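Report on the structure
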Amino acid sequence: MKRSVLIITLTSVFLFLASLGMIAYTLGWIAPLDIITTNHVVVGDLDYTLSGSFITDETIIVPGTELIDTPFAVDNDSSISSMLRMQVTYTAYAYVGEVLTPSTVIYRGGSTEALYVGFASGFVCPEGEDYWYMTDLAHVFSANSGPQDLILSLYYDGDNTTIDFQGQDVTVKLTIQVSQADHVSWTTLADYDFATGYPNP
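Since we're looking at a predicted model, the values are computed, not measured. (Residues numbered from 1 in each chain as written. Predicted model: local features only at pLDDT ≥ 70, side-chain atom pairs only at ≥ 80, totals over all residues. Heavy atoms only, no water.)

Let's talk about the overall build of the protein chain
Our working rule: Each helix is a run of H or I in the DSSP string that is no shorter than four residues. Each strand is a run of E no shorter than two, and both are numbered from the N terminus. Type-normalised accessible area, obtained with a 1.4 Å probe on protein chains alone, sets the label of each residue: buried when under 20%, exposed when over 50%, and partly exposed for intermediate values. The criterion used for residue contact is that any of the two residues' heavy atoms lie within 4.5 Å. Residue-level accessible areas treat just the shown protein chains as cover; the underlying method is Shrake-Rupley with a 1.4 Å probe.
The secondary structure content of the protein chain amounts to 1 helix and 13 strands. Each helix and strand of the protein chain, placed in order from N terminus to C terminus, yields the pattern α-β-β-β-β-β-β-β-β-β-β-β-β-β. Put simply, the protein chain has 201 residues, and 35% of those count as buried. Here the contacts in the protein chain between residues at least 6 apart in sequence split such that 66% fall between residues at least 24 apart. Entry remark: accessible area of the protein chain is about 11,600 Å², with carbon and sulfur atoms responsible for 58%.

Considering the packing of aromatic side chains
Note the following rule: Centres within 6.5 Å are what make two rings of Phe, Tyr or Trp a pair, Trp counting through its six-membered ring; a difference in plane orientation under 30 degrees is then read as stacked, over 60 as edge-to-face, and the rest as tilted. The criterion is that NZ of a Lys, or CZ of an Arg, lies within 6 Å of the ring centre and within 35 degrees of the ring normal, and then a charge sits over that ring.
A complete count under the given rule lists 12 aromatic pairs for this structure. Consider the rings of Y90 and Y156, whose centres lie 6.2 Å apart with planes at 80°: the pair is edge-to-face. One end of the pair, Y90, is in strand β5 (residues 82-96); the other, Y156, is in strand β11 (residues 146-156), with 66 residues separating them in the sequence. Overall, Y156 belongs to the buried group, its relative accessible area being 4%. A connected cluster of aromatic rings, assembled from ring pairs, spans F54, F72, Y192 and F194. The lysine or arginine in question, R85, covers the ring of Y131, its NZ or CZ lying 3.7 Å from the ring centre.

Quick notes on the side chain of S78
Let me state the cut-off plainly: For this analysis, a polar contact is any N or O atom pair within 3.5 Å, provided that within protein one partner can donate a hydrogen and the other can accept it, and provided that sequence-adjacent residues contribute only side-chain to side-chain pairs.
Tracing the backbone through its elements, the reader meets S78 in the loop between β4 (68-76) and β5. Here the side chain of S78 touches D47 through a polar contact of 2.8 Å, landing on its backbone nitrogen. What S78 contacts, discounting residues up to four positions off in sequence, is D45, L46, D47, Y48, A143 and N144.

Notes on the side chain of S82
Among the secondary structure elements, S82 is positioned in strand β5. Here the side chain of S82 touches Y48 through a polar contact of 2.6 Å, side chain to side chain.

Let's talk about the pairing of strand β7 (residues 115-119)
The side chains of a regular strand alternate, first on one face of the sheet and then on the other. For the record, the criterion: At least two bridges found by DSSP between two strands is the condition for calling them paired.
When you tally the buried positions in β7, you get 4 out of 5 residues, the bulk of the element. As judged from the 5 bridges shared by β7 and β11, these two strands associate in the antiparallel manner. In the strand pairing of β11, F119 is matched with I151.

Quick notes on the nonpolar core
Note the threshold: For the purposes of this section, nonpolar cores are sets of buried Ala, Val, Leu, Ile, Met, Phe, Trp, Tyr and Cys residues that join through side-chain atoms within 4.5 Å.
Of all hydrophobic cores here, the largest spans 41 residues; its most connected members are L84, V88, I151, Y156 and V172. Contributing elements (two or more residues each) for this core: β3 (46-54), β4, β5, β7, β9 (132-134), β11, β12 (170-180) and β13 (187-196). Considering every element that reaches this core, the biggest residue donor is β5, with 6 residues.

With respect to the pattern of salt bridges
Put simply, the rule reads: Basic side-chain nitrogens of Lys or Arg form a salt bridge, by our definition, when they fall within 4 Å of a carboxyl oxygen of Asp or Glu.
Enumeration according to the criterion identifies 1 salt bridge in this entry. Between R108 and D130 there is a salt bridge, and its shortest N-O distance comes to 2.2 Å. Taken as a pair, R108 in the loop between β6 (99-106) and β7 and D130 in the loop between β8 (123-124) and β9 lie far apart in primary sequence, 22 residues in all.

Here's the deal with the environment of S111
Of note, S111 is situated in the loop between β6 and β7. Considered as a pair, S111 and N160 are 49 residues apart in the sequence and their alpha carbons are 8.6 Å apart.

Section: the confidence of the model for the protein chain
Put simply, the rule is: On a scale of 0 to 100, pLDDT captures the predictor's confidence in every residue.
Summary statistics for the protein chain give a mean pLDDT of 77 and a share of 71% for residues scoring 70 or more. The weakest mean pLDDT in the protein chain belongs to strand β1 (residues 33-35) at 33; the strongest belongs to β7 at 96.

Quick notes on the environment of P147
Looking at where P147 falls in the secondary structure, it is placed in strand β11. Given a relative accessible area of 69%, P147 falls into the exposed group. Contacts of P147, omitting those with residues within four sequence positions, involve V74 and D75.

Here it is in structure tokens:
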């Protein structure tokens, strides 16, 4: 009886480990993502080094407080051409009836948005889109094109924020996605988040 239990246990462990190996092998083909260091990311044939950071999230902010500590940039070491796009979302507040209500807004660069984002030269958000792209032909990075600035400045705009923001939590998220130029599928290269309590406009 004890021997049967031991054989069944060992067989189960072996099958479990074999299953994990097959899953890892399969996922390696479906989503070849390999994070080498904190800032160096390889996605298939795409190879980028990331830089940039938000200020510390304990900071109490007011309109005009720069939220970027180090400007965001990539260094493209890819051996093939590639595409890159970015999305910025942020918290805004407005009254719905008599209730102050937060909402998550996708930044599109409108003149009345509560957030200001200073993109590097050449980035646009096409009408009807939620992402910012480079304006060159087909938004393509050529192979081994080197460093590219992305976002240089980001802050809540005092002209478009009200006293309603006072004492409320805000979150800002930057998502960077890449794709091989000849393909339509996008892979998230990085997500950067800034969140703080009690902004004080």
